[in-house]
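Each chain, written out:
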Amino acid sequence: MTSANSNNIWRYLWLWAFAVLLALCGLAAIERQSLVRELTTKSATLHRLASQRADQHDAHLTSLSAIFVAGGVARQDLFLDVAATIMRFYPRITSVNVIPFDLSDPVIQTEPRVLDEDAALVVQMARSSTGALQVQQMPNTPDHYMVVKRTPNTDAARHGLALTIDARALVATDDAFWQKPSVSLRLLAPDGQTELTSQFSADEAGFSKALGSGSQPLIFETALAIRLADLLPIGKVLSAVALVTALFLLTVLGLRQRARTREAEGLAKLSAQETRLAHASRVNAMGEMASGMAHELAQPLTAILSQAQAGRRLARRGDVDRLGTVLDDTVTQAQRAADILDRLRRWSKPNRARMEPSALHEAIQSVQRLLASEAKSRAATITLSLHEVPLMIEADPVELEQVVFNLVRNALDASDGAQVTIRTDVDGEAAVLDVIDDGPGVPEDIKSRVFEPFVTSKPDGTGLGLALCQRLVEEMGGEIVLLSDAAETTFRLALPLSTKAVTP
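Because the structure is predicted, anything quoted here is derived from the model rather than measured.

Asks: So what's going on with the sheet that holds strand β1 (residues 93-100)? Residues and values would help.
Replies: In space, the five strands of this open sheet follow the order β2-β1-β5-β4-β3, with antiparallel pairing throughout. Two strands lie at the open edges of the sheet, namely β2 (108-109) and β3 (134-137), each paired on one side alone. Bridge count between strand β4 (residues 144-151) and strand β5 (residues 159-166): eight bridges; the pairing is antiparallel. The residue bridging V148 from the neighbouring strand is A162, located in β5. Along the sheet face, helix α2 (residues 76-89) touches β1, β2 and β5 and points at about 155° away from the line of β1.

Asks: Describe the sheet that holds strand β10 (residues 381-385), naming the residues involved and giving the relevant values.
Replies: Taken together, five strands build an open sheet; the order of strands is β10-β12-β13-β15-β14 and the sheet is mixed. If you trace the sheet from one side to the other, it starts and ends with β10 and β14 (479-482), each paired once. Averaged over all pairs of adjacent strands, the angle between their axes in this sheet comes to 15°, without regard to strand direction. Pairing of strand β13 (residues 430-437) with strand β15 (residues 489-496) involves eight bridges; the strand directions are antiparallel. Along β15, the bridge assignment pairs L433 with L493.

Asks: Before we move on, could you go through the packing of aromatic side chains and cite the residues and values that matter?
Replies: One pass over the structure, following the stated rule, counts four aromatic pairs. Between the aromatic rings of F177 and W178, the centroid separation amounts to 5.1 Å while the plane-to-plane angle is 85°, which identifies the pairing as edge-to-face. Like W178, F177 is buried. Where F451 meets F491, the ring centres are 6.2 Å apart and the plane angle is 85°; that geometry is what we call edge-to-face. Linking F451 in the loop between β13 and α11 (465-475) with F491 in strand β15, this pair joins segments that are 40 residues apart in sequence.

Asks: Would you mind going over the nonpolar core in detail, with residue names and values included?
Replies: Formed by 44 residues in total, the largest nonpolar core has its most connected members in L400, V403, L407, V408, L433 and L493. At the level of secondary structure, the elements contributing two or more residues to this core comprise α8 (360-370), β11 (392-395), α10 (397-413), β12 (419-427), β13, α11, β14 and β15. Sort the elements by how many residues they give to this core and α10 lands first, with nine residues. Discounting chain neighbours no more than four positions away, the residues touching L433 are L360, I364, V404, I422, R423, T424, F491, R492 and L493. Ranked by size, the runner-up nonpolar core spans 37 residues in total, among them A83, V98, Y145 and F207.

Asks: Describe the pattern of salt bridges, with residues and values.
Replies: Tallied over the full model, the rule gives 16 salt bridges. Ionic pairing is found between R471 and E475, a salt bridge with its closest N-O pair at 3.2 Å. On the criterion of helical spacing, the pair formed by R471 and E475 is a turn pair, its members being four residues apart in helix α11. A residue is classified by how much of its surface remains accessible, and E475, at 27% relative accessible area, is partly exposed. Ionic contacts of the salt-bridge type, sharing partners, join the residues E374, R378, R409 and D413 into one network.

Asks: Just give me the short version of the pairing of β4, but keep the residues and values in it.
Replies: The element β4 is largely enclosed, with a buried count of eight among its eight residues. Every second residue of β4 is oriented toward a common face, with H144, M146, V148 and R150 on one face and Y145, V147, K149 and T151 on the other, all of them buried. Here four bridges tie β3 to β4, and the two strands are oriented antiparallel to one another. Note on β4: the bridge partner recorded for Q137 is Y145. Here β3 hands over to β4 after six residues, with D143 in that stretch at a positive phi of 65°.

Asks: Account for helix α3 (residues 116-128), with residues named and values stated.
Replies: If you check α3, its first and last C-alpha atoms are 19 Å apart, about what 13 residues at 1.5 Å a residue would give, namely 18 Å. Restricting attention to buried positions, one finds in α3 the residues D118, A119, L121, V122, V123, M125 and A126. Next to the buried residues of α3 lie β1, β3, β4 and β5.

Asks: So what's going on with the packing of α8 against α10? Which residues, and what values?
Replies: Between α8 and α10, the least distance of the axes is 9 Å, while the angle of their chain directions is 50°. Put simply, α8 runs oblique to α10. Viewed along their axes, α8 and α10 form a crossing whose handedness is right-handed. Packed against α8, whose contacting residues are L360, A363, I364, S366, V367 and L370, the element α10 presents L400, E401, V404, F405 and V408 at the interface. Residues that form the contact of α8 with α10 fall into these classes: nine nonpolar, one polar and one charged.

Asks: Let's hear about a nonpolar patch on the surface: which residues, and what values?
Replies: On the surface, I9, W10, L13 and W14 cluster together into a nonpolar patch covering about 490 Å² of accessible area. Tracing the sequence through the fold places I9 in helix α1 (residues 3-71). Here I9 falls in the partly exposed class, since its relative accessible area comes to 39%.

Asks: Quick one: what's the story with the pairing of β13, residue by residue and with numbers?
Replies: Within a regular beta strand, the side chains point alternately toward one face of the sheet and then the other, so they alternate between its two faces. The buried count for β13 comes to eight of eight residues, which makes it a mostly enclosed element. Burial along β13 is two-sided: A430, V432, D434 and I436 and A431, L433, V435 and D437, pointing in opposite directions, are all buried. Where β12 lies against β13, eight bridges are found, and the strand directions are antiparallel. Within the sheet, the bridge partner assigned to V426 lies in β13 and is A431. Where β12 folds back onto β13 in an antiparallel hairpin, the turn is made up of two residues, including G428, whose phi is positive at roughly 70°.

Cut-offs applied
Residues numbered from 1 in each chain as written. Predicted model: local features only at pLDDT ≥ 70, side-chain atom pairs only at ≥ 80, totals over all residues. Heavy atoms only, no water. Pairing = 2+ DSSP bridges. Helix = DSSP H or I, 4+ residues; strand = E, 2+ residues; numbered from the N terminus. Contact = heavy atoms within 4.5 Å. Axes fitted to C-alpha atoms, helices over the stretch in contact; angles between N-to-C directions. Phe/Tyr/Trp six-rings, centres within 6.5 Å; stacked < 30°, edge-to-face > 60°. Buried < 20%, exposed > 50% of the residue type's maximum accessible area, 1.4 Å probe, protein only. Core = buried A, V, L, I, M, F, W, Y, C linked by side-chain atoms within 4.5 Å. Salt bridge = Lys/Arg side-chain N within 4 Å of Asp/Glu carboxyl O. Expected span 1.5 Å × (residues − 1). Parallel < 35°, antiparallel > 145°, perpendicular 65-115°, else oblique. Left-handed = near helix turned anticlockwise from the far one by under 90°. Nonpolar A, V, L, I, M, F, W, Y, C, P; charged D, E, K, R; others polar. Patch = residues over 30% accessible without salt bridge, like charges linked within 9 Å, V, L, I, M, F, W, Y side chains within 5 Å. Areas by Shrake-Rupley, 256 points an atom, 1.4 Å probe, with all protein chains shown as cover.

Okay, here's the thing in structure tokens:
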């Protein structure tokens, strides 16, 4: 496995882990919100139930007070019967007591009886009452409180009527939600400080509201101790990880497919560009070849034409009809050959493309991309050392790329593992481009003729590449030379800078 592949795998693993972490954080937030919402809903339900139960205490006290006022101590049996019935149907009421202000008077109590200290507290609460019910925690009985009413409920009252309430039973419920160890609740006295029930573990998630009873505005509070297991249930965690993994894989596959598509499109574009350059090179090479052939054949054809014309004159003087006919045919064919060669030369000479401001650096970078694969296969390198400012020249972009392509291709062919450098600079009003390679260099015997057609040091070369480069550069108004005093093989192009403004 290559280092690049290993790095990619680790990158993907980190991204996957980050995605899973985000998903788990989202799951935890959702679960916490759900738990808090459930606590709020359950607490509101139990709050309404406890408020209704507290209101019932008012009705019981009113009924018991009326019975006591009507029968007094003499009919305490009736009072105790009613009290027993209430306690049987409402087990949270643990005792019913009538305590006289004068402790020497008879006391009416249900079992279990209140302590003397509690009886004194009932008298105190009844004496301080102005008509409203009094609520007080029982000092000696945990989780219980008393609701006290004076009887009769006037300033002439001589007794205190008290219900002893089991605070835990007041908020008791069969809902399994409240059996969870993470859930706790309590009742506070109206002052908000005195706990009527204990075993309460406060947490950030909670509910607090006074009971809806005018006489017993006890504060009902609940709390939920949220644990990590509550926020991240194992089943949901596994489902979330599986979902994130599936989505991550689909995303990675999609991105890789998109990258492959873009790479294929890039290769196709480069291939098309290379094909275009190759086609232009073949057409220009054919033009050079046709021009060379026309130049080489022009003199022999001219000689044939002259000889044929002279022979026709001689034959006419000797009245040799047959010789004259042959010579006429020779002249006709020679003229035809000359015309054909002339037309071939005109046809093979490329039509000049419209000159326009062209980016020299873009042409260089395009050639580098085109020859990157070939350079890699040859263990060669192409290094760019470009002027800091983009250089614009007047040229046809395709022909400009073709010149650079031919020069760099020759540099790569110079040796195996060639080190090729393309450098640009500015000299006055001209852009200077150097193509440098560390190969063996141009043989001495052809240095002076290196730009002539059909001159080459390659066994399979045509000798037209540099000739074509020279012609194209000259048509751009520039100059190309082989530097004789350079340490390495260096072909230098000098091209006039464009004076036209280029709009982006």
